[in-house]
Amino acid sequence: AGLVVGTIPLIESTQEAVNFFLFSIPFNFYALVTILITLLFAFEKLPWVPGKQMRNAIKRSRETGELDRAGSQPLAADELTEMKVPEDYRPGLLDFIGPIGTLLGVAIIPFVYVFAFISQEDASVLIAEAFILAVLAAFAIAKIKGMPLKTIMDGFIDGCKGVTIGAVILGLAVTLKEVADSVGTAAYVVEQLGDLIPAFILPGIFTFLCMIIAFSTGTAFGTYAVVFPVALPLAYAIEPSTLFIMICFAAVVGGAVFGDKCSPISDTTILSSLATGCDLMDHVRTQFPLATAAAIIGLILHALVVIMFV
């Protein structure tokens, strides 16, 4: 929200930024198509699997039972599988439902209710309070079930370590946005390109640009910081309709997620390989064709929606 507030007249407050994001979700065709492809792939209902390496891997696992190719170097997943849980502690469903239920109950449900039935202006997102209460709920459940307080605090500290990089990236992203605003990057780009780009290809340009940046840097947040402050003013200059801006907004989000998901230097890509114990580059090479297929379909759908409805 902080990256897009004030970039165009349609988004003048944090609340409007959050609302804009929520309403743009149906136009994030890359994400929606990815979910569909993943579901079909999981149930082996995908008509054709793109990528020779993925097809070879499927054939190898079915015929020989070997999950990794010969010569691969699977990443160890000890950091994620060897949890520091006391031997006499019995984890259960309550350990998950308690914190998550608190998070949803405090942050999401009141927002949806107030936004839908009371007033859009009065709706507020209690994200910070919700996360704090969710952590406290996890503390309380663990303590009631007999976990020592020292062990609880050690787990909390380990969790904080895990999200530190994300917090730093987010802070730097907001800083970069302020720098772009100060030097007038958006105004310059709009002046140079505003009259040259047809509306129906702009979402595709944003998606492709974000794919490259996120793949090269391994971060979606950093990509948002680079692209959003320029993309939204440019889109508004070409076609100042709410629908078109939402489509462009979703194109930026989808493109950045693609690049982040497929980049071998992305934390999410590395963690996926760690958690499954597979070769990092094998994971990238088998995932890339599937993600690319979803991105191409998303690009086509963006162009069609703009041509038909904008």
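Please read all numbers here as calculations on a predicted model, not as lab measurements.

*Asks:* Outline the overall build of the protein chain, listing residues and values.
*Replies:* On a plain count of helices and strands, the protein chain comes out with 13 helices and 0 strands. The order of α-helices and β-strands along the protein chain, N terminus first, is α-α-α-α-α-α-α-α-α-α-α-α-α. Residues counted as buried form 37% of the 310 residues belonging to the protein chain. In the protein chain, once contacts between residues fewer than 6 apart in sequence are set aside, the share between residues at least 24 apart is 73%. Per element, the accessible surface of the protein chain, about 17,700 Å² overall, is 70% carbon and sulfur.

*Asks:* So, the pattern of salt bridges: which residues are in play, and what are the values?
*Replies:* Within the structure shown, the criterion is met by 5 salt bridges. Arg62 is paired through a salt bridge with Glu44; the nearest N and O atoms lie 2.3 Å apart. Here the residue Arg62 occupies a position in helix H3 (residues 52-64), and Glu44 occupies one in the loop between helix H2 (29-42) and H3, the gap between them amounting to 18 residues. Side by side, Arg62 and Glu44 carry an identical accessibility label, which is exposed. The partner of Asp154 in a salt bridge is Lys150, and the shortest N-O contact between them spans 3.1 Å. A residue pair is termed a helical-turn pair when its members lie 3 or 4 positions apart in one helix, as Asp154 and Lys150 do in helix H7 (residues 149-183) at 4 residues. For Asp154, a relative accessible area of 35% puts it in the partly exposed group. If you follow the salt bridges from partner to partner, you end up with Arg69, Asp282 and Arg285 in one network.

*Asks:* Tell me about the side chain of His283, and name the residues and values.
*Replies:* Turning to its location among the elements, His283 is positioned in helix H13 (residues 280-309). If we ignore the near neighbours within four places in the chain, the residues touching His283 are Thr269, Ser272, Ser273 and Cys278.

*Asks:* Any chance you could break down the nonpolar core for me, citing the residues and the numbers?
*Replies:* In this structure, Leu202, Phe206, Tyr224, Phe228, Leu232 and Val252 are the most contacted members of the largest nonpolar core, which totals 36 residues. The residues contacting Leu232, other than those within four sequence positions of it, are Val4, Thr7, Ile8, Ile11, Ile245 and Phe249. With 13 residues, the next largest nonpolar core counts Tyr30, Val33, Ile37 and Met211 among its residues.

*Asks:* Give a description of the confidence of the model for the protein chain that names residues and reports values.
*Replies:* Per-chain confidence: the protein chain averages 84 in pLDDT, with 85% of residues scoring 70 or above. Model confidence for the protein chain, summarised as mean pLDDT per element, is weakest for helix H4 (residues 78-81) at 46 and strongest for H2 at 95.

*Asks:* Which residues make up helix H9 (residues 202-217), and what values do they have?
*Replies:* Between its first and last C-alpha atoms H9 spans 22 Å; for 16 residues at 1.5 Å apiece the expected length is 22 Å, and the two agree. Taken together, the buried positions of H9 are occupied by Leu202, Pro203, Phe206, Thr207, Cys210, Met211, Ile213 and Ala214. Buried residues along H9 sit against helix H10 (220-238), helix H11 (242-262) and H13. Downstream of H9 by one or two residues, Gly218 has phi in the positive range, about 75°.

*Asks:* Can you break down H3 residue by residue, with the values?
*Replies:* Taking 1.5 Å per residue, 13 residues should reach 18 Å; H3 reaches 18 Å between its end C-alpha atoms and fits that length. If you check which residues of H3 are buried, you get Met54, Ala57 and Ser61. Take H3 and look down its axis: the buried residues cluster within an arc of 60°, on one side only. Residues of H3 that are exposed and angled more than 90 degrees away from the buried face: Lys52, Arg62, Glu63 and Thr64. For H3, the secondary structure elements touched by its buried residues are H2 and H13.

*Asks:* Lay out the packing of aromatic side chains with the relevant residues and their values.
*Replies:* Applying the stated criterion across every chain, the model contains 10 aromatic pairs. Taken together, Phe20, Phe21, Phe221, Tyr224, Phe228 and Phe249 form an aromatic cluster joined through their ring pairs.

*Asks:* Please provide a residue-by-residue account of the side chain of Asp279, values included.
*Replies:* By secondary structure assignment, the location of Asp279 is in the loop between helix H12 (267-276) and H13. Notably, Asp279 is buried but unbridged: the nearest opposite-charge side chain belongs to Arg69, and the N-O separation is 4.2 Å. Of note is the side chain of Asp279, whose polar atom sits 2.8 Å from the backbone nitrogen of Gln73. A distance of 2.9 Å separates a polar side-chain atom of Asp279 from the backbone nitrogen of Met281.

*Asks:* Hey, could you go over a nonpolar patch on the surface for me, with residue numbers and the actual values?
*Replies:* A contiguous nonpolar patch, built from Phe200, Ile201, Ile205, Ile296, Ile300, Leu304, Ile307, Met308, Phe309 and Val310 and spanning about 930 Å² of accessible area, is present on the exposed surface. Of the residues forming the nonpolar patch, the biggest block, 6 residues, is contributed by H13. Summarising the element assignment, Ile205 is placed in helix H9.

*Asks:* Please give an account of the packing of H10 against H11 that cites residues and values.
*Replies:* The N-to-C vectors of H10 and H11 enclose an angle of 160°; their axes lie 10 Å apart at closest approach. The pairing of H10 with H11 is recorded here as roughly antiparallel in orientation. Like other packed secondary-structure pairs, H10 and H11 cross with a definite hand, here right-handed. Two secondary-structure elements touch here, H10 through Ala220, Thr223, Tyr224, Val227, Phe228, Ala231, Leu232, Ala235 and Tyr236 and H11 through Phe244, Ile245, Cys248, Phe249, Val252, Val253, Ala256, Val257 and Asp260.

*Asks:* Summarise the environment of Leu243; cite the residues concerned and give the values.
*Replies:* Inspection of the secondary structure assignment puts Leu243 in helix H11. A C-alpha to C-alpha distance of 7.1 Å links Leu243 and Val310, two positions 67 residues apart in sequence. Not counting residues within four places of it along the chain, the set of residues in contact with Leu243 comprises Phe27, Phe309 and Val310.

Cut-offs and rules
Residues numbered from 1 in each chain as written. Predicted model: local features only at pLDDT ≥ 70, side-chain atom pairs only at ≥ 80, totals over all residues. Heavy atoms only, no water. Helix = DSSP H or I, 4+ residues; strand = E, 2+ residues; numbered from the N terminus. Buried < 20%, exposed > 50% of the residue type's maximum accessible area, 1.4 Å probe, protein only. Contact = heavy atoms within 4.5 Å. Areas by Shrake-Rupley, 256 points an atom, 1.4 Å probe, with all protein chains shown as cover. Salt bridge = Lys/Arg side-chain N within 4 Å of Asp/Glu carboxyl O. Core = buried A, V, L, I, M, F, W, Y, C linked by side-chain atoms within 4.5 Å. pLDDT = per-residue confidence, 0-100. Expected span 1.5 Å × (residues − 1). Arc of directions from axis to C-beta. Phe/Tyr/Trp six-rings, centres within 6.5 Å; stacked < 30°, edge-to-face > 60°. Lys, Arg positive; Asp, Glu negative; His and termini not counted. Polar contact = N/O pair within 3.5 Å; in protein donor to acceptor, adjacent residues only side chain to side chain. Patch = residues over 30% accessible without salt bridge, like charges linked within 9 Å, V, L, I, M, F, W, Y side chains within 5 Å. Axes fitted to C-alpha atoms, helices over the stretch in contact; angles between N-to-C directions. Parallel < 35°, antiparallel > 145°, perpendicular 65-115°, else oblique. Left-handed = near helix turned anticlockwise from the far one by under 90°.

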